[in-house]
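A structural walkthrough
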Amino acid sequence: MKLTIVLFLFFLMCVPQAEIYKASAQDRLSNQFDAVFQKSNNFQEYKVVKRDELEMLKRSSLDSVASLKIKIEESQKELQNQNQLTNQIKDSLKVKSEELQKLLLAQDSISFLGKPISKSNYSLLMWSIVLILVVLLTVYVFRFSNAKRVSNDAVEHYTKLESEFESYKQKALEKEQKLGRQLQDEINKHKDTSK
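As the structure is a computational prediction, the values presented were derived from the model and not from experiment.

Here the focus is the overall build of the protein. Each helix and strand in the protein was counted, giving three helices and four strands. Starting at the N terminus, the α and β elements of the protein follow one another as α-β-β-α-β-β-α. Taken across its 195 residues, the protein has 7% of its residues classed as buried. For the protein, restricting intrachain contacts to residue pairs at least 6 apart in sequence, the fraction spanning at least 24 positions comes to 44%.

The subject of this paragraph is the pairing of strand 4 (residues 115-118). As paired strands, strand 3 (residues 109-112) and strand 4 are joined by four bridges and run antiparallel to one another. Its bridge partner being in strand 4, Ile110 is matched across the sheet by Ile117. Connecting the antiparallel pair strand 3 and strand 4 is a turn made up of two residues, with Leu113 showing a positive phi of about 60°.

Moving on, we come to the packing of aromatic side chains. One pass over the full model with this rule turns up one aromatic pair. On the numbers, 6.3 Å between centres and 25° between planes, the contact of Tyr140 with Phe144 is stacked. Placement of the pair is Tyr140 and Phe144 together in helix 3 (residues 119-194), with a separation of four residues, close to one helical turn. The class of Phe144 is partly exposed, set by a relative accessible area of 49%.

For the rest of this paragraph, the subject is the pattern of salt bridges. All chains considered together, the criterion is met by two salt bridges. Its salt-bridge partner being Glu166, residue Lys169 comes within 3.8 Å of it at the nearest N-O pair. In this pair, Lys169 and Glu166 both sit in helix 3, three residues apart, roughly one turn of the helix. With a shortest N-O distance of 3.8 Å, Glu186 and Lys189 are connected by a salt bridge.

On the secondary structure map, Ser60 appears in helix 2 (residues 51-107). Ser60 gets classed as buried once you look at its relative accessible area, which sits at 15%.

Averaged over all residues, the pLDDT of the protein equals 82, while 87% of them reach at least 70. Here helix 1 (residues 2-39) is the element of the protein with the lowest mean pLDDT, 60, and helix 3 is the one with the highest, 90.

This brings us to a nonpolar patch on the surface. A contiguous nonpolar surface patch, about 370 Å² in accessible area, is contributed by Ile129, Ile132, Leu133 and Leu136. With respect to the helices, strands and loops of the structure, Leu133 is situated in helix 3.

Conventions used here
- Residues numbered from 1 in each chain as written.
- Predicted model: local features only at pLDDT ≥ 70, side-chain atom pairs only at ≥ 80, totals over all residues.
- Heavy atoms only, no water.
- Helix = DSSP H or I, 4+ residues; strand = E, 2+ residues; numbered from the N terminus.
- Buried < 20%, exposed > 50% of the residue type's maximum accessible area, 1.4 Å probe, protein only.
- Contact = heavy atoms within 4.5 Å.
- Pairing = 2+ DSSP bridges.
- Phe/Tyr/Trp six-rings, centres within 6.5 Å; stacked < 30°, edge-to-face > 60°.
- Salt bridge = Lys/Arg side-chain N within 4 Å of Asp/Glu carboxyl O.
- pLDDT = per-residue confidence, 0-100.
- Patch = residues over 30% accessible without salt bridge, like charges linked within 9 Å, V, L, I, M, F, W, Y side chains within 5 Å.
- Areas by Shrake-Rupley, 256 points an atom, 1.4 Å probe, with all protein chains shown as cover.

Written out as structure tokens, the structure is:
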């Protein structure tokens, strides 16, 4: 940007100097023509000019034209140089602009699994993952507490059944012992009666 301003100011400075040179060349030629006309003699309706003065005017005009051509060529070369410099600046600006876009994209994105994603999409993805994990944890905790409750109920039921079974075994043993005694009593009775 600074270089463009400098070139623009340089161009503005060159143009007035070329105008001044052109004006001074015109003034010199005009003065020379005026001088030739004043020194020339009149012959009927014609002007008679000395050959030396005409040749000097011709040389001066040709010199002025040649110097103006040189100045024009120099100006054209300078303009071409400025155009090349302007094009280089434009190319450099384009490259810098592309680099800036890349930097802005890199600044606004995060690499996730090797691919760049915008920060908003990354945030959305992360919160979605957190939400899914919270839902899965809630489901797991619910299922675990449900399974623990079922397990505790089963243990309690088993304990109850075991105590009932122990009680039944005790009663069955007592009943068996009672029946065994009754049988023995009957056997003893029978033996006594058979004797």
